[in-house]
Amino acid sequence: MSLNEAGRSPANSRWRNRVVIVAAAIVFGGFVAVGAISPGYGLLGFVILVLAALLANRATEEAVRLARPVAVAERSGEPLEAVIAGVPDPVIALDRNGRVLTLNESARSLAPALRQGEPVSLALRMPELIEAIGRAYATGDEQRVEYSERVPVDRWFEVIVKPVRREPKLDMPDLVLMTFHDLTPLRRVEEMRADFVANASHELRTPLAALSGFIETLQGSARDDAKARERFLPIMQEQARRMARLIDDLLSLSRIELNAHRRPDTPVDLVPIVRQVADGLQTLARDRGVTVTVDAANAVRVPGDRDELVRVFENLVENALKYGATGRRVDIGLGRGQSPEGEQEARISVRDYGPGIAPEHVPRLTERFYRVDVRESRAQGGTGLGLALVKHILNRHHGRMSIESMPGAGATFTVYLLLDTTVTTEKTA
Ligand code: ADP
């Protein structure tokens, strides 16, 4: 507070009022005492003087209060800057003429061409945004505008243009605050959802169309054709199984997503799980002429959900048997190591010696419905959701997976899960 303002504080004006009352009392009391005026006129004079002094004081206070907005507006640059600097979203404050009063670091990196004191329209060449600023000043109402950028990457923003009166007495807004909300993650999720629904519908529609076709044929031209019935029924059964597998995987995916934020905490030993998975897939391995080996000495305990972990290794070993069968061998290894953060972790690798995966496909394999060769995946009974399920389960377990592959030299899928440190190492039976 400046000295000037301190002189007009409420405490000071109360002090001044008291002085006026005492002085008036002394003067009129004196006049009455010496007989210059009658007591009645003395009292009347005293009251008039005191009232006049009080009213004059009130008027001065009001004038000071009204004058204050100007003082605040003149000095408001710094506090405004400090407040805006503390907001995580990009924020730009404009004066009445659309010039940049101040902006924070996030706004600076969003629009590096913005300069303090320059019109915002020079740096943000978006007519809809400039119009919104004009409307905000003219109407005093908040405006919302969405816009997107294509370069360097696709990004979407919502800008909230808020006219602000820094003092309630002002009849016009004296600044406009522009706050940018990044809608990109939201839009990406929306796009992913739309793609997912389209993909799921497409995947279901194909077997459904095949089934309908066969049913029509069996009801029509092949009604009494026993041979056709014999030929069609196993195909129909396979299509129905495909639909069932897809629905099963979709339901599993949504169940895991529902529990995504709850990390499982029951200690489970991975060795019997992996052995059980390898045993369960023996028939498929035999059909494909593949030998499966499991290399595990000690128990490997992790906090986890047993059924979900069975699903992880089932998917990986089944994929190795389906896509890497030409290598004739699948090796499963269980070991321990240290995570990048220095914590003890379990490492379970599933290695095949098949054709491997070209490097451009590797980063996309865990996307839903992503397949290197759709026809081959379908022929193998794949849904394209197996590795997406694996990724989601591992995320829920705070684990991760790496994929190493050299085309022609097979593929190694390695799962990393933090060890359960509450239990000491023990021998597996
Ligand atoms: P799918 O149901 O098609 O098997 P996944 O999500 O399990 O779906 O796998 C996605 C794709 O990754 C598969 O279609 C296949 O192209 C490829 N893939 C997975 N595992 C292997 C592997 N061991 N060797 C070669 N390609 C693989």
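Residues numbered from 1 in each chain as written. Predicted model: local features only at pLDDT ≥ 70, side-chain atom pairs only at ≥ 80, totals over all residues. Heavy atoms only, no water.

With respect to the sheet that holds strand β3 (residues 143-149)
Sheet architecture is open: 5 strands sit in the order β2-β1-β5-β4-β3, paired in antiparallel fashion. Across the chains shown, the open sheet's two edge strands, defined by having one partner strand only, are β2 (100-103) and β3. Ignoring strand direction, the axes of neighbouring strands in this sheet form an average angle of 20°. Taken together, the 3 bridges between strand β1 (residues 91-94) and β2 define a ladder with antiparallel strand orientation. Among the inter-strand pairings, Ile-92 is bridged to a residue of β2, identified as Leu-103. On top of the sheet, helix α7 (residues 127-139) reaches β1, β3, β4 (155-164) and β5 (175-182); it is set at about 170° to β3, its chief contact. (Pairing = 2+ DSSP bridges. Helix = DSSP H or I, 4+ residues; strand = E, 2+ residues; numbered from the N terminus. Axes fitted to C-alpha atoms, helices over the stretch in contact; angles between N-to-C directions. Contact = heavy atoms within 4.5 Å.)

Examining the site of the ligand
Around the ligand, the surrounding shell holds 18 residues, and the nearest of these are Tyr-323, Ser-377, Thr-383, Gly-384 and Leu-387. Interatomic distance of 2.7 Å between a backbone N/O atom of Thr-383 and an oxygen atom of the ligand. Gly-386 is positioned such that a nitrogen or oxygen atom in its backbone is 3.3 Å from an oxygen atom of the ligand. Taking 540 Å² as the accessible area of the ligand by itself, protein coverage stands at 96%. (Near = heavy atom within 4 Å. Polar contact = N/O pair within 3.5 Å; in protein donor to acceptor, adjacent residues only side chain to side chain. Areas by Shrake-Rupley, 256 points an atom, 1.4 Å probe, with all protein chains shown as cover.)

Concerning the layout of surface pockets
Considered as a void within the structure, the largest pocket measures approximately 830 Å³ in volume. What lines the largest pocket is a set of 37 residues, and nearest its centre among them are Asn-315, Asn-319, Lys-322, Tyr-323 and Gly-382. For the lining of the largest pocket, the elements supplying multiple residues, two or more each, are α9 (226-258), α12 (306-323), α13 (374-379), α14 (386-396) and β12 (411-418). In terms of residue count, α12 provides more of the lining of the largest pocket than any other element does, 9 residues in total. (1 Å grid on protein atoms, 1.4 Å probe; cavity = no way out; pocket = protein on both sides within 12 Å on 5 of 7 lines; lining within 4 Å. Points joined across faces, edges and corners; volume = space filled by probe spheres on them.)

Some remarks on the sheet that holds strand β9 (residues 329-338)
Strand order across the open sheet formed by 5 strands is β7-β9-β10-β12-β11, with mixed pairing between neighbours. The two strands at the open ends of the sheet, each matched to only one other strand, are β7 (291-295) and β11 (400-405). Along the sheet, successive strands turn relative to each other by an average axial angle of 15°, direction set aside. Across 8 bridges, strand β10 (residues 344-352) lies against β12 in antiparallel orientation. Residue Glu-345 lies in a different strand from β12, and its bridge partner there is Leu-418.

Here's the deal with the packing of helix α10 (residues 270-280) against α12
The contact between α10 and α12 brings their axes to 9 Å, and the two run at 45°. Taken as axis vectors, α10 and α12 run oblique relative to one another. Crossing geometry of α10 relative to α12 is assigned as right-handed. Contact residues: α10 offers Leu-270, Ile-273, Val-274, Gln-276 and Val-277, while α12 offers Arg-306, Leu-309, Val-310, Phe-313, Glu-314 and Val-317. Here the residues of the contact of α10 with α12 sort into 8 nonpolar, 1 polar and 2 charged. (Parallel < 35°, antiparallel > 145°, perpendicular 65-115°, else oblique. Left-handed = near helix turned anticlockwise from the far one by under 90°. Nonpolar A, V, L, I, M, F, W, Y, C, P; charged D, E, K, R; others polar.)

Re unusual backbone geometry
A positive phi is found at Arg-328, a non-glycine position, where the angle reads about 65°. Its place among the elements puts Arg-328 in the loop between α12 and β9. Despite not being glycine, His-398 shows a phi value in the positive range, around 60°. You can see His-398 is positioned in the loop between α14 and β11.

Thoughts on the pattern of salt bridges
Enumeration according to the criterion identifies 22 salt bridges in this entry. Taking the shortest distance from any N to any O, the salt bridge between Glu-105 and Arg-108 comes out at 3.2 Å. Here Glu-105 and its partner Arg-108 are both found in helix α5 (residues 105-110), 3 residues apart, which amounts to about one turn of the helix. Judged by relative accessible area, Glu-105 falls into the exposed class, the value being 57%. The exposure class assigned to Arg-108 is partly exposed, which follows from its relative accessible area of 32%. Of the charged contacts in the structure, one is a salt bridge between Arg-378 and Glu-203, with a shortest N-O distance of 3.2 Å. In this pair, Arg-378 sits in helix α13 while Glu-203 sits in helix α8 (residues 184-219), placing the two residues 175 residues apart along the sequence. Under the relative-accessibility criterion, Glu-203 is labelled buried at 7%. Beyond isolated ion pairs, a larger network of salt bridges with shared partners links Glu-142, Arg-144, Glu-158 and Lys-162. (Salt bridge = Lys/Arg side-chain N within 4 Å of Asp/Glu carboxyl O. Buried < 20%, exposed > 50% of the residue type's maximum accessible area, 1.4 Å probe, protein only.)

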